[in-house]
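Architecture at a glance
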Amino acid sequence: WEGSRVCLDQCAPECPKIFDMFQILFSNGTVNKVKFEGEADHLTHFYNYVVAFYGNLGNYLSFGDRKFAPRITVEEFQAVLEAHAKLLSGGLKARALELWEEVKGPMYDVSAAVKELGKPGSGQTGYYLGPVTEEDVAAVQKFMQKEGMEAWNSRLRKNEDGSLDILFAAHIPRNKPPRKEDKGEFEGRKISVVYGDYGELLGPVVHHLQEALKFVANDTQAEMLKAYIEHFQTGELEAHKESQRKWVKDMGPAVETNIGFIENYRDGFGERAEFEGLVSAVNREQSKKFDELVGRAETLLPKLPWPKEFEKPSFTRPDFTALDVITFANSGVPVGINIPNYDEVRKEVGFKNVHLHNVLASRFVSKDDIPFIRAEDQEMMKTKRTASFEVQVGLHELLGHGSGQLLYEEEAKKVTNPLTGKPCESWYNQGQTWSSVFQGLASSWEECRAEAVGIYLGVERDVLEIFGFKTKEEQDDIIYCNWLQMAHAGVVGLEFYSPEHKRWGQAHMHARFALLNVMIRAGEGFCELETKGDSVEVKMDRSKIETVGKKAVGDFLMKLNVLKATADVKAGEELFGDMTKVDDGWLKTRDIVLANKKPRPVYVQAHTELNASGGVDCLEFKADAKGMIASMQYHFGLPKRAPRGGAAPAQDGAKKKARFGSLKGCKPDAQGMNLVVAVVSAEDPTDAITELKVGDSFGVVTMKCKKEEAAAWREPGTLLLLRNAHVRMFKGHIRLIVDQWGKVQKVTAEEAEEFVKGGPGEPKTANDLSATEYELKG
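For clarity, every value in this text was computed on a predicted model and none was experimentally measured.

**Digging into the overall build of the protein chain**
Per the secondary structure count, the protein chain includes 26 helices and 24 strands. The C-alpha extent of the protein chain, read off along each of the three principal axes, is 90 × 70 × 55 Å. Residues classed as buried in the protein chain amount to 56% of the 778 residues present. Restricting the contact set of the protein chain to residue pairs at least 6 apart, pairs at least 24 apart contribute 72%. Summed over its atoms, the accessible surface of the protein chain is roughly 33200 Å², and 50% of this surface lies on carbon and sulfur atoms.

Laid out in structure tokens, this is it:
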């Protein structure tokens, strides 16, 4: 979660401030205490915005890249905000209101320039800082190709003097000597390479990865974590590639995790990637079917429509597991992943596929009628779409993203292009990657290729048997449901087309709209859109899927794979432009789609923490606004720059003396406590995290601390000075915590007297604050 703060910076400049504002605003359990006297729907709309912001880690939809704003006025939003803020102590209240003044303008700004994420000059972007032009990006791309550099973990900044800085994410700030030509210029531009972007945010990431080394299951995992640490400390991409090699080689772990700058969907040029971090538990039972699918892969690959020269010489059997996600720290949560995205790593050691089982299981839970589906297909879609989508995800990830290869000059000249019948006339040059050549089209193209593979191979009966569909009737229904669902997704995908900018805002939906057109253009009455009053419905002749439909998709899939393999971006742009052109007829359909669209759900994610026995507790939260807010308080707490403990910011650089209180204020939502306590008893410090019983004249409480700390403080009567302590609830019971934002100091009786008159007094053991069990109210 620490690293996911990067996503806020990658989205829009106001996002980190909005995030800090909300973290402060809800830090004192205000959501459970607030008494708002205004309109009830104002409170609802306020929380809806908060949930949407948290769920997308920013104020742009992760699925669609379109900005969203509150559905109430600035004044109405402020009234609700102030009702929460007045429950905070002075310093926190002041900071929350100060942040509000800074962000309310950008929050409500939905003008054309910032309405959508995109390239600099035509949309909002956090990857390009300053007046960066497309010509600047092209020049930097050539520079990086020449120097053997890739842009995954970078941003590009243009300075006032016109010079360009390539900013690489790294914890340790350092300047790398500029790699320049012609005395500091490259194609007329001064370019510098700077390491240290997101330096403050990546510090905790490095710290926690170092701590994680204590818990690895094997040497491969240790090497993977060390490579991660090097990558985040130095910004060197090769270290992350090494981490991915080790990750791929770590076969069959009980806990699956991956972290870094992974997917480049949100960069308008398709080169720079968003931060994400995954932690999940392997679902062994669900993984069996995917493991069997992997076993059939070498017999399925030859069934794809391209010649063997356009496929890798050998198939490296990947790990393919079903995972139950514990944490997916990113702007959005997918249902499947095929990584790493580095082509050379995939060639060397292969890749991994993961199916996010509990994400898919929660996706299709509504019993409402599905828009744009005929009445006779409703029941089948409602009951079978989860099962059919699981088949699609399996094929999409394993044989969609896992198939094909890129051709470089030496090998390309030996191969006949099946689209022309002549030797290949285009190829990749050294230093070029799929993303750097196809740029903004790369993500949509690759998702389209993978989706096409899914429905193309989804008609294979032996594949369907792997997923438990044994009879022809069952198999026919799954095939029909999968193809119909793809066509339906193409219709729904029109929501993510921007008529103003004439571009698509979501790679998967861009891809699915292309496949919808492939199906419609197949003709012979196979797939049509029927007008039904003020709506439309997808009509598909299921008897023609394995003939008319499969042939049309197969022909299109051949083009997708061959043009990608040969780096023929010109022909690719023409093909995809034709298949995804939105004319006046489609714009009318888009209006119908928008009139029928439903809110996209966001996920309230669990939180894990070490318990006193050295085990892990998984805290879950109710799937509502209060649950989302509580989860984010657990994940992040107060922002580092926020005043903690209720003290107002010091004036003129003076440091204001902290106030110390007693355990009387130790309640379930307590934060920022300064205390003097005496140790009453201690557990044997045998675990990484252990507990002390501490107290004062008001009562006693259980305090969690590290093993080495417990060893130093365990003697009864030891006096401790606690700064910025807070409460964490453990199975309904209070636990006192002092984290990295606080401090614990062992003191003498005389020193304690300086902070609390008379010291802590005799601990009142009869009043054990941790003995009371609290019920968490949703």
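Back to the text.
**Some remarks on the sheet that holds strand β10 (residues 352-356)**
Strand order across the open sheet formed by five strands is β6-β7-β8-β10-β9, with mixed pairing between neighbours. On the outer flanks of this sheet lie β6 (255-263) and β9 (336-339), each paired with one strand and no other. The sheet shows a mean angle of 35 degrees between the axes of neighbouring strands, direction not considered. Seen against the sheet, helix α11 (residues 284-300) touches β7 (274-282), β8 (319-329) and β10 and runs at an angle of roughly 135 degrees to β8.

**Focus on helix α22 (residues 569-579)**
G572, L575, F576 and M579 are the residues of α22 that are buried. For α22, the angular spread of the buried residues around the axis is 90 degrees, confining them to a single face. Facing away from the buried side of α22 by more than 90 degrees, the exposed set consists of K570 and E574. Buried residues along α22 sit against α17 (442-457), α20 (507-521) and α21 (545-565).

**Examining empty space enclosed by the protein**
Summed over the entire model, instances satisfying the criterion amount to three cavities of 30 Å³ or more. In this structure, the largest cavity encloses a volume near 140 Å³. Around the largest cavity, the lining residues are Q141, M144, Q145, M149, E150, A151, W152, E271, G431, T433, S435 and S436. Among the secondary structure elements, those contributing two or more residues to the lining of the largest cavity are α7 (134-147) and α16 (434-438). By residue number, the principal contributor to the lining of the largest cavity is α7, which donates three residues. For the lining of the largest cavity, the class distribution of residues is four nonpolar, six polar and two charged. Put simply, the second largest cavity is a space of about 50 Å³.

**Here we look at the packing of helix α8 (residues 199-212) against helix α9 (residues 219-234)**
Axis angle and axis distance: for two packed helices, these are the angle between their axes and the distance between the axes, and together they describe the pair. Packing of α8 against α9 leaves a shortest axis separation of 9 Å and a crossing angle of 165 degrees. Here α8 is positioned roughly antiparallel relative to α9, judged by the angle of their axes. Once α8 is placed against α9, the crossing between them reads as left-handed. Facing L202, V205, V206, L209, Q210 and A212 of α8, the residues of α9 in contact are L225, Y228, I229, F232 and Q233. Here the contact of α8 with α9 is built from residues that sort into nine nonpolar, two polar and no charged.

**Some thoughts on the pattern of salt bridges**
Think of it this way: side chains of opposite charge can pair up when their charged atoms draw near. All chains considered together, the criterion is met by 53 salt bridges. Across the pair R155 and D197 runs a salt bridge, and its minimum N-O distance is 2.8 Å. With a gap of 42 residues between them, R155 in strand β2 (residues 154-158) and D197 in strand β5 (residues 191-197) connect regions that are remote in the sequence. Here R155 and D197 have matching classes, each one buried. Between R157 and D165 there is a salt bridge; the shortest N-O distance is 2.8 Å. The exposure class assigned to R157 is partly exposed, which follows from its relative accessible area of 30%.

Cut-offs and rules
Residues take numbers from 1 onward in each chain, read along the sequence in its written order. In keeping with the predicted nature of the model, local features appear solely for residues at pLDDT of at least 70, side-chain atom pairs appear and are counted solely at 80 or more, and the whole-chain, interface and lining totals rest on all residues. Hydrogens and water are ignored here; the side-chain numbers use all heavy atoms of the structure. Here a helix means four or more residues in a row that DSSP labels H or I, a strand means two or more in a row labelled E, and each is numbered from the N terminus. Relative accessibility under 20% of the residue-type maximum defines a buried residue, over 50% an exposed one, and the middle range a partly exposed one, all with a 1.4 Å probe and only protein chains included. When checking whether two residues touch, look at their non-hydrogen atoms; a contact exists if any pair is within 4.5 Å. Per-residue and other accessible areas follow the Shrake-Rupley method at a 1.4 Å probe size, with only the shown protein chains counted as cover for residues. In short, DSSP must find at least two bridges between two strands for them to pair. All axes are obtained by fitting lines to C-alpha atoms, using only the stretch in contact for helices, and the reported angles, taken between N-to-C directions, cover 0 to 180 degrees. Picture the helix axis, draw a direction to every C-beta atom, and the arc is the one those directions span. Two kinds of site are reported from a 1 Å grid over the protein atoms alone, namely cavities, where a 1.4 Å probe fits but cannot get out, and pockets, open sets with protein on both sides within 12 Å along at least five of seven lines, and residues are called lining when an atom falls within 4 Å of a point. Grid points are joined across faces, edges and corners, and a volume is the space filled by probe spheres set on the points. Note on residue categories: nonpolar means Ala, Val, Leu, Ile, Met, Phe, Trp, Tyr, Cys or Pro, charged means Asp, Glu, Lys or Arg, and polar means any other residue, Gly included. Throughout this description, any angle smaller than 35 degrees is read as roughly parallel, any larger than 145 degrees as roughly antiparallel, any in the 65 to 115 degree range as roughly perpendicular, and the remainder as oblique. In a left-handed crossing the near helix is turned counterclockwise from the far helix by less than a right angle, and in a right-handed crossing that turn is clockwise. Salt bridge, as used here, is a side-chain nitrogen of Lys or Arg placed within 4 Å of a carboxyl oxygen of Asp or Glu.

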